[in-house]
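Remarks on the overall topology
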Amino acid sequence: MAKVVTRFAPSPTGHLHIGGARTAIFSWLLARHHGGEFVLRIEDTDRERSEQQYTDAILASMEWLGLSWDAEPVYQSQRDDLYNKYIDQLLAEGKAYYCDCSAEEVEAMREEARANGKKPKYNGKCRELGLEKAEGRVVRFKAPLTGRTVWKDLVKGSIAFDNEELDDMIIRRSDGSPTYNLAVVVDDHSQEISHVLRGDDHVNNTPKQIMLYTALGWEVPEFGHVPMILGSDRKKLSKRHGAKSVMEYEKMGLLPQALVNYLVRLGWSHGDQEIFTLDELIELFSTDNLSSSAAGFDPDKLLWLNAQYMKDSSDADLAALVAPFAKEAGFEISLEELTAMVPLFKDRAKDLIGLVDAMRFMLLADSEYEFEEKAVKKALTEEGKQHLANMREQFAALEAFTKDTTHEVMANYVSDNGLKFKAVGPPLRVALVGAMGGPNLPDVMEIIGKERTLARIDRALEQ
RNA sequence: GUCCCCAUCGUCUAGCCUGGCCCAGGACACCUGCCUUUCACGCAGGCGACGGGGGUUCAAAUCCCCCUGGGGACGCCA
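Residues numbered from 1 in each chain as written. Chains lettered and ligands numbered in written order. Predicted model: local features only at pLDDT ≥ 70, side-chain atom pairs only at ≥ 80, totals over all residues. Heavy atoms only, no water.

Description of helix 11 (residues 315–328)
- Helix length check: helix 11 (14 residues) gives 20 Å between terminal C-alpha atoms against 20 Å at 1.5 Å per residue, within 8%.
- Here the buried face of helix 11 lies against helix 7 (246–252), helix 10 (299–312), helix 12 (335–345) and helix 13 (352–363).
- Immediately beyond the C-terminal end of helix 11, within one or two residues, lies G330, with a positive phi of roughly 95 degrees. (Helix = DSSP H or I, 4+ residues; strand = E, 2+ residues; numbered from the N terminus. Expected span 1.5 Å × (residues − 1). Contact = heavy atoms within 4.5 Å.)

This is the structure in structure tokens:
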């Protein structure tokens, strides 16, 4: 196979959404799998809606996801000369023509076609008029009137359109700027793109583009149209489904690898495997096992995957990951301390914000962590407090204050007094945690240390 | 309206091309139990699908046709 070059071509009119991210990932994987190149193109020809801040945000999201690109991004807004060169070429070769039909006229043609039970389209009025270049005239592509345009789609298989369905599209606007389909073809060709992977919504543009390639005498690239992502209810993805930008998932505390893994798995599979490293993905990826039907987005499964990645992270890595979230929540804590705490909590949260939440009682000062009323009532009874006071003395006497020694104190206290663990566990838990849930007590004590353990017991005794 | 695409558990999917190994496998979610001082995690089990109808065949989730349903596109947006 010739060199594989894929691309991702976002238009900077908003943040990078998960749908776009997914096609970007597929394109990236295809290139990496073949040892080819992955390039970026910013489709900013819509000057009204394009903004630099969105380009910056999209690139930042790409980086966060780990999708490296191989050359400086190309900006369509800076290539008018190139587009014009080819539009002029088509004009010179009689494959395009000037048209002076007004918007109202064209709209009337569409209405008429629709009334006749046809697909609404421009009727070719100026096609053979031989109009000269003039202010306010657009350039239209002289599309074939008969025949069929067919291609073998990488994900959907053979797709065919009757050329009769298509009209003479505008390739240069009256203000002189090129339109999307023209610009895309010129760019994909000039950037030597071999495989175009893009959203399903472009299927209808493909025959038009193929015609342009043919008219320009260029080789047609491979096309693959990835189905879109729907909400879990199979309806169009919207805000309330969690149709968010990549950036929002970053803010929620998702790991980029988990998001990538989830998105890839949504519409692509390799047998029963659910979790893939990036290297595995690169090695296994093929458009052959891309699904041709739309996929529903399931936030629960995404979270589950994220939890798996958190569990598999090293303590140091996870600590570095949560650090900004802890800070955001107002906690000043060193990376060392976080690294020590994280193993107790890593499998108790599904995202980094949840992780900070789980650690909250420990992060809070001894004078500030809160007691849950219900738990206090249940565990800090007179009897419970008595046991607490007794154990406090033994903890205080400990020289080495570790999870082993504290556990030993508890175990001995239980057996010496003929008690059940249930008699001392809950009160101590409420004393240290403020609630009934949480990690193993000796582990907690070892981390917060003797002073803080005693301080917390003292506070509990006052409840 | 016209054209294009799609159709397996609630959701993501395996199987479909190369019919029999599938009274359909895995994962998430859900339910039950186990583990545990608690909450999670984990483990074990359970619930749960080939959209409908016709063909072809000894045999169809798999091949063919029709229907239905869903999505997309029909711009001087991308």
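We are not done yet, so read on.
Some words on the side chain of R140
- In this structure, R140 sits in strand 5 (residues 138–141).
- In this structure, R140 is buried with no salt-bridge partner, the nearest side chain bearing the opposite charge being D167 at 5.1 Å.
- At 2.7 Å, the side chain of R140 forms a polar contact with the backbone oxygen of D168.
- The residues touching R140, leaving out its near neighbours within four places in the chain, are A96, Y97, C99, V106, Y122, D168, M169, I170 and I171. (Buried < 20%, exposed > 50% of the residue type's maximum accessible area, 1.4 Å probe, protein only. Lys, Arg positive; Asp, Glu negative; His and termini not counted. Salt bridge = Lys/Arg side-chain N within 4 Å of Asp/Glu carboxyl O. Polar contact = N/O pair within 3.5 Å; in protein donor to acceptor, adjacent residues only side chain to side chain.)

Structural notes on the pairing of strand 5
- Here strand 5 shows a buried face lined by V138 and R140 and a second buried face lined by V139 and F141.
- Here four bridges tie strand 4 (residues 96–99) to strand 5, and the two strands are oriented antiparallel to one another. Along strand 5, the bridge assignment pairs Y98 with V139.
- Strand direction decides the pairing type here: strand 5 and strand 8 (residues 170–172), joined by two bridges, are antiparallel. Residue pairing in the sheet places V139 in a bridge with R172 of strand 8. (Pairing = 2+ DSSP bridges.)

Describing the packing of aromatic side chains
- Scanning the model with the defined rule gives eleven aromatic pairs in all.
- Considering the side-chain rings of Y86 and W218, the 4.9 Å spacing of their centres and the 80 degrees angle between planes classify their relative orientation as edge-to-face. Placement of the pair is Y86 in helix 3 (residues 80–92) and W218 in the loop between helix 6 (206–216) and strand 10 (222–226), with a sequence separation of 132 residues.
- Y86 sits in the buried class, given a relative accessible area of 14%.
- Here R140 stacks its cationic end above the ring of Y122, 3.6 Å away from the centre of that ring.
- Directly above the aromatic system of Y369 lies the positively charged group of R459, at a separation of 4.8 Å from the ring centroid. (Phe/Tyr/Trp six-rings, centres within 6.5 Å; stacked < 30°, edge-to-face > 60°. Lys NZ or Arg CZ within 6 Å of the ring centre and 35° of its normal.)

Considerations on the environment of T381
- Position of T381 among the secondary structure elements: in the loop between helix 14 (373–379) and helix 15 (382–397).
- We classify T381 as partly exposed; its relative accessible area is 34%.
- Each C-alpha atom of the pair T381 and A108 lies 83 Å from the other, and the pair is 273 residues apart in sequence.

Considering the state of the cysteines
- Across all of its chains, the model carries zero disulfides by this definition.
- There is no disulfide at C101, and the cysteine sulfur nearest it, in C126, is 3.5 Å away. (Disulfide = S-S within 2.5 Å.)

Things to note about helix 16 (residues 403–416)
- Taking 1.5 Å of rise per residue, the 14 residues of helix 16 would be expected to cover 20 Å, and the 20 Å separating its terminal C-alpha atoms lies within 8% of that figure.
- Residues T405, T406, V409, M410, Y413 and V414 constitute the buried set of helix 16.
- At its buried positions, helix 16 is contacted by helix 15, helix 17 (421–433) and helix 18 (441–461).
- Capping the start of helix 16, T402 holds a side-chain oxygen 3.2 Å from the backbone nitrogen of D404, two or three residues further along.
- Of the residues trailing helix 16, G418 is marked for its positive phi of about 60 degrees.

A word on the nonpolar core
- Among the nonpolar cores identified, the biggest contains 96 residues, and M62, L65, L259, F297, L355, F395 and L428 are the most heavily contacted of them.
- Sort the elements by how many residues they give to this core and helix 1 (residues 18–33) lands first, with nine residues.
- Once you skip the residues sitting within four places of it in the chain, L65 turns out to touch L16, A21, V246, P256, L259 and V260.
- Counting residues in each nonpolar core, the second largest holds 33 residues, with L91, A183, W218 and F223 among its members. (Core = buried A, V, L, I, M, F, W, Y, C linked by side-chain atoms within 4.5 Å.)

Geometric descriptors of this kind do not, in isolation, establish any biological role.
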